[in-house]
Amino acid sequence: MPARPSHLEPAEPLRADARHNRERILEAAREAFATRGLDVPMAAIARRAGVGVATLYRRFPSRESLITEVFGDELAACASLVDEALADPDPWRGFRTAIEKVCAMQVADRGFTDAFLTAFPAAIDYERTRARAEQGFAEVVRRAKAAGRLRPDFDLADLTLLLKANCGVATGTGEAAAASSRRLVAYLLQSFQAEHAAPLPPAPPLTLSHMHAAPAAR
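## Examining the overall build of the protein
- A count of helical and extended segments in the protein gives 10 helices and zero strands.
- When the helices and strands of the protein are read in sequence order from the N terminus, they spell out α-α-α-α-α-α-α-α-α-α.
- Looking at the 218 residues of the protein, the share that counts as buried comes to 43%.
- Of the contacts made within the protein by residues no fewer than 6 positions apart, 74% connect residues no fewer than 24 positions apart.
- Summed over its atoms, the accessible surface of the protein is roughly 11300 Å², and 57% of this surface lies on carbon and sulfur atoms.

Okay, here's the thing in structure tokens:
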């Protein structure tokens, strides 16, 4: 994937020490978000990176700016998966592959799900990319239904349920978590097929957009 332009990149090239500090902060933030969630204190990230809090805030003036920089590439990859699904001439295969890959991404970096479901109104590029991914997935669903392969009562709320369930089973580490996720996703994909459709309870009032929350300011 080509390098993603960042609205956080400085106008002038960073000195070597400043660039090193920035990379350490990003790596520490990735690790902290993956293990402790997005509300980990900024001071804890600074300690993990071995820099002062003032240095962290010089590079990333808000939690929002740090989160969007850490997860921007993952979000772009997610949007690309949806684009690939839309380009697939087989609507069911596109739907299935997108679900499998997004769930694999979720297991590999658990902080990504929280970042995807968090609202960042000031991060215009981030919000645009996420909106494109959501709208694209809605079209993937429509195509799979129109092809007669996806059960007609599949609701976008079911994607949220799937992500929440996948997050729950992938609480372990390494291959055990990945294997648990693959099996759960395989079970659910079978139940999503039109040929297995049987009456279900009504879909819950859940959408990805309704689950977006504002990031904590600590």
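## Here's the deal with the environment of A85
- The topology assignment puts A85 in helix α4 (residues 63–87).
- Counting along the chain gives 12 residues from A85 to T97, while the straight-line C-alpha distance between them is 7.1 Å.
- Excluding anything up to four places from it in sequence, A85 contacts G94, A98, V140 and R143.

## Regarding the packing of helix α1 (residues 16–36) against α4
- Contact geometry for α1 and α4: axes closest at 10 Å, N-to-C directions at 85 degrees. By the angle between their axes, α1 is roughly perpendicular relative to α4. Contacts from R22, I25, L26, A29, R30 and F33 in α1 reach R63, L66, I67, E69, V70 and F71 in α4.

## As for the packing of helix α5 (residues 91–108) against helix α8 (residues 156–169)
- In the contact formed by α5 and α8, the axes pass within 10 Å of each other and the chain directions differ by 40 degrees. Looking at the two axes, α5 sits oblique to α8. The element α5 and its partner α8 pack so that their crossing is right-handed. Residues I99, V102, C103, Q106 and V107 of α5 pack against L159, L162, L163, N166 and C167 of α8.

## Examining the confidence of the model for the protein
- For the protein, per-residue confidence averages 82 on the pLDDT scale, and residues scoring 70 or more make up 83% of the total.
- Across the protein, helix α2 (residues 42–49) holds the top mean pLDDT of 95, while helix α10 (residues 208–211) sits lowest at 52.
- A low-confidence stretch, residues 1–12 (pLDDT under 50), is modelled with 16 contacts involving residues beyond four sequence positions or located in other chains.

## Quick notes on the packing of aromatic side chains
- Inspection of every chain in the model, using the stated rule, returns six aromatic pairs.
- Plain terms: the ring middles of F95 and F154 are 5.5 Å apart, the flat faces sit at 90 degrees to each other, and that makes the pair edge-to-face. Highlighted residues: F95 in helix α5 and F154 in the loop between α7 (124–146) and α8, separated in sequence by 59 residues.
- Residue class for F95 comes out buried when judged on its relative accessible area of 0%.

## Observations concerning the nonpolar core
- Counting 49 residues, the largest nonpolar core has F33, I45, L66, F71, F95 and I99 as its most contacted members.
- Looking at this core, the element that brings in the most residues is α4, giving nine residues.
- When residues no more than four places from it in sequence are discounted, the contact partners of I99 are F137, L159, L162, V185 and L189.

## Quick look at α5
- In this model α5 runs 26 Å from its N-terminal to its C-terminal C-alpha over 18 residues, within 8% of the 26 Å that 1.5 Å per residue would give.
- Taking the backbone nitrogen of W92 as reference, a side-chain oxygen 3.1 Å away marks D90 as the first, capping residue of α5.

## Section: the side chain of T55
- Within the secondary structure layout, T55 lies in helix α3 (residues 53–59).
- Here T55 falls in the buried class, since its relative accessible area comes to 15%.
- Residues in contact with T55, not counting those within four places in the same chain, are N21 and I25.

## Notes on the pattern of salt bridges
- Counted by the stated rule, this structure contains 11 salt bridges.
- Put simply, E69 and R22 hold a salt bridge, and the shortest N to O gap is 3.2 Å. Linking E69 in helix α4 with R22 in helix α1, this pair joins segments that are 47 residues apart in sequence.
- E31 is the partner of R48 in a salt bridge, and the nearest nitrogen-oxygen pair spans 3.5 Å. Here R48 is found in helix α2, whereas its partner E31 is found in helix α1, with 17 residues between them in sequence.

Reading the values: the criteria
- Residues numbered from 1 in each chain as written.
- Predicted model: local features only at pLDDT ≥ 70, side-chain atom pairs only at ≥ 80, totals over all residues.
- Heavy atoms only, no water.
- Helix = DSSP H or I, 4+ residues; strand = E, 2+ residues; numbered from the N terminus.
- Buried < 20%, exposed > 50% of the residue type's maximum accessible area, 1.4 Å probe, protein only.
- Contact = heavy atoms within 4.5 Å.
- Areas by Shrake-Rupley, 256 points an atom, 1.4 Å probe, with all protein chains shown as cover.
- Axes fitted to C-alpha atoms, helices over the stretch in contact; angles between N-to-C directions.
- Parallel < 35°, antiparallel > 145°, perpendicular 65-115°, else oblique.
- Left-handed = near helix turned anticlockwise from the far one by under 90°.
- pLDDT = per-residue confidence, 0-100.
- Phe/Tyr/Trp six-rings, centres within 6.5 Å; stacked < 30°, edge-to-face > 60°.
- Core = buried A, V, L, I, M, F, W, Y, C linked by side-chain atoms within 4.5 Å.
- Expected span 1.5 Å × (residues − 1).
- Polar contact = N/O pair within 3.5 Å; in protein donor to acceptor, adjacent residues only side chain to side chain.
- Salt bridge = Lys/Arg side-chain N within 4 Å of Asp/Glu carboxyl O.

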